[in-house]
Amino acid sequence: MVTDDYLLAGGLRLHHRDWTGPSPEAPTVVLLHGFTGHARTWDTLAQALSARYRVLALDARGHGESSWDPDGAYGVDEQVGDVVAVLGALGLSSVSALGLSMGGRTVTNLAAVRADLVDRLVIVDIGPVVAAAGAARIGASVSAPDVFDTPEDAFVAARAANPVPPEDALRHRIRNNLLLRPDGRWTWRWDPALRGSGRSNLPRPDPAAQWELLGSITAPTLVVRGAQSDVLAAEDAARMVRDIADCTLVEVADAGHTVPLDQPERFLDTVRPFLFA
């Protein structure tokens, strides 16, 4: 069974989806989406993981059904604070944590600064450094037209930007990421303050500080890289394995940066053995 719930943290209304798992004693795994994503991108994965876990899929501040921050406070420290607040409100003292891209950076920092909260860690296609090609592509995507006459127009634009994902997975992501405007047209759910080259966009933490944090991670860790990723360079992924005490790297073939979207079945086959161990 899955429910949609809301909590107040730091003055913001934060949304999460909650799959109850096989029993009240089941361990919990927290899933965090990437920049411009939303909690429902995890629906299929969460359903599969709920055979063993209670699964919480969080909408990051400014995304999905969570509130937009009026001050544009979208840094990693704020996002870690939101996760800690949600776990505290739900009475959870220890979880497995999985995050993609922006969410991967959040769970990395969470595991480093609150090692007591994280039992197992999955970092998906993000490291302390964002490769130049990926940064340019992401910058172009958030500056692209963001108002559409129909949901189908939004899907066509998303398909042109990424031809790899299965159609049903991409349609699910787009359908649940659209907001109907008063004029009858459609736009993205995520905060307009994060869009456009002339606006604030997502702040990036200092790479040197992020590399240093990796040495504080004690949880068993899996780094998942898309074999065609333009965000996490192969050499940076290899360095992460060296810097994190207990870390394994897996590359997923025929996947770019959005590994769970590009290859959902291969991604599940990659993370399930690690999480179910």
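Above: the structure in question.
Here the residue numbers are simple positions, counted from 1 along each chain's written sequence. Only residues with pLDDT of at least 70 get local features here, since the model is predicted, and only at 80 or more are side-chain atom pairs given and counted; chain-wide, interface and lining totals rely on the full set of residues. Calculation of side-chain values draws on the structure's entire complement of heavy atoms; hydrogens and water are dropped beforehand.

## Some words on the overall build of the chain
- Secondary structure elements follow DSSP: runs of H or I of four or more residues count as helices, runs of E of two or more count as strands, with numbering from the N terminus. Assigned secondary structure in the chain consists of 10 helices and 11 strands.
- Atoms counted for the radius of gyration: C-alpha only. Globule rule: 2.2 Å times residue count to the power 0.38. The C-alpha atoms of the chain give 17 Å as radius of gyration, which agrees with the globular expectation for 277 residues (19 Å, within 12%).
- A principal-axis box enclosing the C-alpha atoms of the chain has dimensions of 50 × 40 × 35 Å.
- For every residue, the accessible area (1.4 Å probe, protein chains only) is compared with the maximum for its type, and the residue is labelled buried under 20%, exposed over 50%, or partly exposed between those bounds. The 277 residues of the chain split such that 50% are buried.
- The contact definition used throughout considers only heavy atoms, calling two residues in contact when any of these lie within 4.5 Å. Excluding contacts between residues fewer than 6 apart, the proportion of contacts in the chain whose partners are at least 24 apart in sequence is 70%.
- Computed by Shrake-Rupley with a 1.4 Å probe, the accessible areas treat only the displayed protein chains as cover when residues are assessed. With an accessible surface of roughly 11,900 Å², the chain has 53% of that area assigned to carbon and sulfur atoms.

## So, helix α5 (residues 151-161)
- All of the buried residues in α5 are Ala154, Phe155 and Ala158. With its buried residues spanning 100° around the axis, α5 presents them on a single face.
- Here the buried face of α5 lies against β7 (147-148), α6 (167-175), β8 (178-180) and β9 (186-188). The arc in question is traced by the directions running from the helix axis to the C-beta atoms.

## A short note on the pairing of strand β3 (residues 28-32)
- Where burial is concerned, most of β3 is hidden: 5 out of the 5 residues are buried.
- A two-sided burial pattern is seen for β3, the buried positions comprising Thr28, Val30 and Leu32 on one face and Val29 and Leu31 on the other.
- The pairing criterion for strands is at least two bridges between them, as found by DSSP. As paired strands, β3 and strand β4 (residues 54-58) are joined by 5 bridges and run parallel to one another. Note on β4: the bridge partner recorded for Leu31 is Ala57.
- Handedness is read with the strands pointing away from the viewer; a crossover is right-handed when the path from the first strand over the helix to the second is clockwise. With helix α1 (residues 43-49) bridging β3 and its parallel neighbour β4, the resulting β-α-β unit is right-handed.

## A closer look at the nonpolar core
- Buried Ala, Val, Leu, Ile, Met, Phe, Trp, Tyr and Cys residues form a nonpolar core when they are joined through side-chain atoms within 4.5 Å. By size, the foremost hydrophobic cluster in this structure holds 53 residues, and its most contacted members are Val118 and Leu121.
- Counting 25 residues, the second largest nonpolar core, distinct from the first, contains Trp19, Val55, Leu268 and Leu275.

## Here's the deal with the pattern of salt bridges
- In what follows, salt bridge is the name for a side-chain nitrogen of Lys or Arg lying within 4 Å of a carboxyl oxygen of Asp or Glu. The tally for this structure, following the rule as stated, stands at 17 salt bridges.
- The closest approach of N and O atoms between Asp43 and Arg40, which form a salt bridge, is 2.8 Å.
- For Asp82, the salt bridge goes to Arg61, with nearest N and O atoms at 2.6 Å. Taken together, the positions of Asp82 in helix α2 (residues 76-89) and Arg61 in the loop between β4 and α2 put the pair 21 residues apart, joining distant regions of the chain.
- What makes Arg61 buried here is its relative accessible area of 7%.
- Three or more residues are tied together by salt bridges with common partners; here these are Asp4, Arg17, Arg40 and Asp43.

## Some remarks on the pairing of strand β6 (residues 118-124)
- Along β6, 6 of the 7 residues are buried, which leaves the element largely enclosed by surrounding structure.
- When strand β5 (residues 95-100) meets β6, the two strands line up parallel, connected through 6 bridges. Paired with Ala97 across the bridge in β6 is Leu121.
- Note that the unit made of β5, helix α3 (residues 102-113) and β6 has a crossover that is right-handed.
- In this sheet, strand β10 (residues 221-226) lies alongside β6 in parallel orientation, the contact comprising 4 bridges.

## Details of the sheet that holds β7
- Taken in spatial order, the 3 strands of this open sheet run β7-β9-β8, and their pairing is antiparallel. Each having just a single partner strand, β7 and β8 make up the two edges of the open sheet.
- Pairing geometry for β7 and β9, over 2 bridges, is antiparallel. Note on β9: the bridge partner recorded for Phe148 is Trp186.

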